[in-house]
Amino acid sequence: MTQLAYSPDELLASVAYDEPLIAGGVRCHGGFVAGRYVSPRTAHRVPAIAAWQAQLGAAGHPLVDVPAALIPPHYPNAEQAKLLLREGVQEPLTRTLTTIAIIEGFGAMIRDQPVPDLTRCVKETLDGTAVAHLATGLFEAHARDEAGHRTEGGHKQMWEAARDLALNKPAVPADVLMRLMTGRRGGPRRRLFPQLDPSFEELLTTMVNVLVIEIFAADTFRWAEEVLGDAEVSAAPDGAADMVRYIRSDETPHVEYLRTALSELRARTLLGAQGEELAGSEVVDGLLNRTLHALTTQRPRLQREDTRTDICAALAAHRDAAAVQRRFDALETEWTAPAVDGDLVRLVPQGVTATRAHR
Ligand SMILES: [Fe+2]
Ligand SMILES: [Fe+2]
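Residues numbered from 1 in each chain as written. Chains lettered and ligands numbered in written order. Predicted model: local features only at pLDDT ≥ 70, side-chain atom pairs only at ≥ 80, totals over all residues. Heavy atoms only, no water.

Enquirer: Got a sec to walk through the sheet that holds strand E1 (residues 19–23)? Specific residues and values, please.
Expert: Sheet strands pair by backbone hydrogen bonding; their relative direction is either parallel or antiparallel. Strand order in the open sheet formed by 3 strands is E1-E2-E3, and the pairing between neighbours is antiparallel. Only two strands of the sheet have a single neighbouring strand rather than two, namely E1 and strand E3 (36–38). Direction aside, neighbouring strands of the sheet carry axes that sit 50° apart on average. Inspection of the sheet shows E1 paired to strand E2 (residues 26–33) by 5 bridges, in the antiparallel sense. (Pairing = 2+ DSSP bridges. Helix = DSSP H or I, 4+ residues; strand = E, 2+ residues; numbered from the N terminus. Axes fitted to C-alpha atoms, helices over the stretch in contact; angles between N-to-C directions.)

Structure, rendered in structure tokens:
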């Protein structure tokens, strides 16, 4: 019989490594087996997620996904970023990579996400599901991957190492953290399903937001791999691109457990605080659609404006600023989210072996 219940220790266990990963002098999570990088805490977590997905598939339920066409491309694009580096303008890329490192560190907060008593929130049983393991291993593994754990570095330290390798330990702008803390913020979250217990809707909203951010981040990672891996502009193309690749591989279980848990809830009946019954699909799809609308329209536009302002400011010190700016603008690629009526969520009917590769 396939194992569907796992202890926290199992979900946090790594395979036995031949060699650890050292990044920028820091011992990081993960390591190498027969020369190949293996992500941390995946000895049981990866087969567990595959087993929960297979269980869903066997019951005829699809997995939720985000259509690739909705993923906003990173700004500036890889060619624009390389132009800036060739012209000796490092600050915008240093800022971006430092910001990514800090945001990865914030990922530790997922371990503080309260999980209410789900037997009061969901009608059917959750035994042997990803949902049943959120508070007992899955959130903790995720938090450790992002921020590191004890003496071991995580994605925060790995991004810093990738930056320092590629750009030769650049001077980091002093205001990166301050700008992040005081930057644009969304308003208070409006409740979409006030019938649900507030802590349950909060949990679902967090999972949906983190899932979409994780899926969208894949494009930034591809971009970083291309820029930092280019020998013309990177001081350590192989080492820096490898580091980004390791991080990308660690992100796969994050996307997979979140979409599995949301799909399990989608397939169930959710209970309101007064005992009302709501179709899980209505709630999960409603929350996903809201997040996808916001993150494919306002957010890329605001991010682009902010980044452009930074780039113009960094270019001002260049002796040929106007010409570089013109060349930069000539490489511009326009992007707007494809117009989709209604549902943005993609449902993937799956066989018993479907685990999607992280894009
Ligand atoms: Fe990460
Ligand atoms: Fe992640």
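Past the structure itself, the notes keep going.
Enquirer: If you had to explain the coordination of the iron ion (ligand 2) to someone new, which residues and values would you point to?
Expert: The coordination sphere of the iron ion (ligand 2) contains the protein donors Glu-146 (OE), Glu-214 (OE), Glu-214 (OE), Glu-251 (OE) and His-254 (ND1), at a distance range of 1.9 to 2.4 Å. All donor residues of the iron ion (ligand 2) come from one chain, and their arrangement in sequence is E-x67-E-x36-E-x2-H. In this structure, the iron ion (ligand 2) is positioned 3.4 Å from the iron ion (ligand 1), and both are ligated by Glu-146. In this pair, Glu-251 and His-254 are both assigned in helix H9 (residues 237–266), 3 residues apart and thus about one turn of the helix distant. Like Glu-251, the residue His-254 is buried in the burial classification. (Donors = N, O, S within 2.8 Å, 3.2 Å for Na, K, Ca; no water. Buried < 20%, exposed > 50% of the residue type's maximum accessible area, 1.4 Å probe, protein only.)

Enquirer: Describe the coordination of the iron ion (ligand 1), and please don't skip the residues or the numbers.
Expert: For the iron ion (ligand 1), the full set of protein donor atoms is Glu-104 (OE), Glu-146 (OE), His-155 (ND1) and Glu-251 (OE), at a range of 1.9 to 2.2 Å. Summarised as a motif, the one-chain spacing of the donors to the iron ion (ligand 1) is E-x41-E-x8-H-x95-E.

Enquirer: Which residues make up helix H10 (residues 280–296), and what are the values?
Expert: The end-to-end C-alpha distance of H10 is 24 Å, a good match for the 24 Å that 17 residues give at a rise of 1.5 Å each. Looking at H10, one finds that the buried residues are Gly-280, Val-283, Val-284, Asp-285, Leu-287, Leu-288, Asn-289, Thr-291, Leu-292, Leu-295 and Thr-296. Elements in contact with the buried residues of H10: strand E4 (63–65), helix H8 (198–228), H9, strand E5 (269–271), strand E6 (277–279) and helix H11 (298–315). (Expected span 1.5 Å × (residues − 1). Contact = heavy atoms within 4.5 Å.)

Enquirer: Help me get a handle on the packing of aromatic side chains, residues and values and all.
Expert: Counted by the stated rule, this structure contains 7 aromatic pairs. Between Phe-32 and Tyr-246, the aromatic rings sit 5.5 Å apart at their centres with planes inclined by 75°, giving edge-to-face as the arrangement. Placement of the pair is Phe-32 in strand E2 and Tyr-246 in helix H9, with a sequence separation of 214 residues. Neither residue differs from the other here; Phe-32 and Tyr-246 are each classed as buried. Within the aromatic cluster, the residues linked to one another by ring pairs are Phe-32, Tyr-37 and Tyr-246. One cation-aromatic arrangement involves Arg-304 over Tyr-75; the distance from NZ or CZ to the ring centre is 4.9 Å. (Phe/Tyr/Trp six-rings, centres within 6.5 Å; stacked < 30°, edge-to-face > 60°. Lys NZ or Arg CZ within 6 Å of the ring centre and 35° of its normal.)

Enquirer: Before we move on, can you summarise the side chain of Thr-260 with the specific residues and values?
Expert: Within the secondary structure, Thr-260 sits in helix H9. Overall, the relative accessible area of 0% leaves Thr-260 in the buried class.

Enquirer: If you had to explain the environment of Ala-218 to someone new, which residues and values would you point to?
Expert: Relative to the helices and strands, Ala-218 resides in helix H8. With relative accessibility at 3%, the residue Ala-218 sits in the buried group. Between the alpha carbons of Ala-218 and Gly-154 there is a distance of 17 Å; along the sequence they are 64 residues apart.

Enquirer: How would you explain the environment of Asp-329 if you had to name every residue and give the values?
Expert: Tracing the chain through its elements places Asp-329 in helix H12 (residues 321–330). Among the polar contacts listed, one links the side chain of Asp-329 to the side chain of Arg-308, at a separation of 3.0 Å. (Polar contact = N/O pair within 3.5 Å; in protein donor to acceptor, adjacent residues only side chain to side chain.)

Enquirer: So, the nonpolar core: which residues are in play, and what are the values?
Expert: Core analysis: the biggest nonpolar cluster contains 48 residues, and Phe-200, Leu-204 and Leu-265 have the highest contact counts within it. Put simply, the parts of the chain that give this core at least two residues each are helix H2 (45–58), helix H5 (134–147), H8, H9 and H10. No other element matches H8, which puts 9 residues into this core. Apart from residues lying up to four places away in sequence, Phe-200 is in contact with Pro-116, Leu-118, Cys-121, Val-122, Leu-265 and Leu-270. (Core = buried A, V, L, I, M, F, W, Y, C linked by side-chain atoms within 4.5 Å.)

Enquirer: Lay out unusual backbone geometry in plain terms, naming residues and giving numbers.
Expert: A cis amide bond links Tyr-75 with the next residue in sequence, Pro-76, at an omega value of 0°. Residue placement: Pro-76 occurs in the loop between E4 and helix H3 (78–86). Phi at Asn-168 is positive, roughly 60°, even though this residue is not glycine. Within the fold, Asn-168 resides in the loop between helix H6 (155–166) and helix H7 (176–182). Since its relative accessible area comes to 58%, Asn-168 is described here as exposed.

Enquirer: I'd like a description of the pattern of salt bridges, backed by residues and values.
Expert: Enumeration over the complete set of coordinates arrives at 31 salt bridges. Of the charged contacts in the structure, one is a salt bridge between Arg-179 and Asp-175, with a shortest N-O distance of 3.4 Å. The closest approach of N and O atoms between Arg-301 and Glu-305, which form a salt bridge, is 3.9 Å. Taken as a pair, Arg-301 and Glu-305 lie in helix H11 at a separation of 4 residues, close to a single helical turn. For Glu-305, a relative accessible area of 38% corresponds to the partly exposed category. Sharing partners across several salt bridges, the network here consists of Glu-91, Arg-95, Asp-175, Arg-179 and Asp-310. (Salt bridge = Lys/Arg side-chain N within 4 Å of Asp/Glu carboxyl O.)

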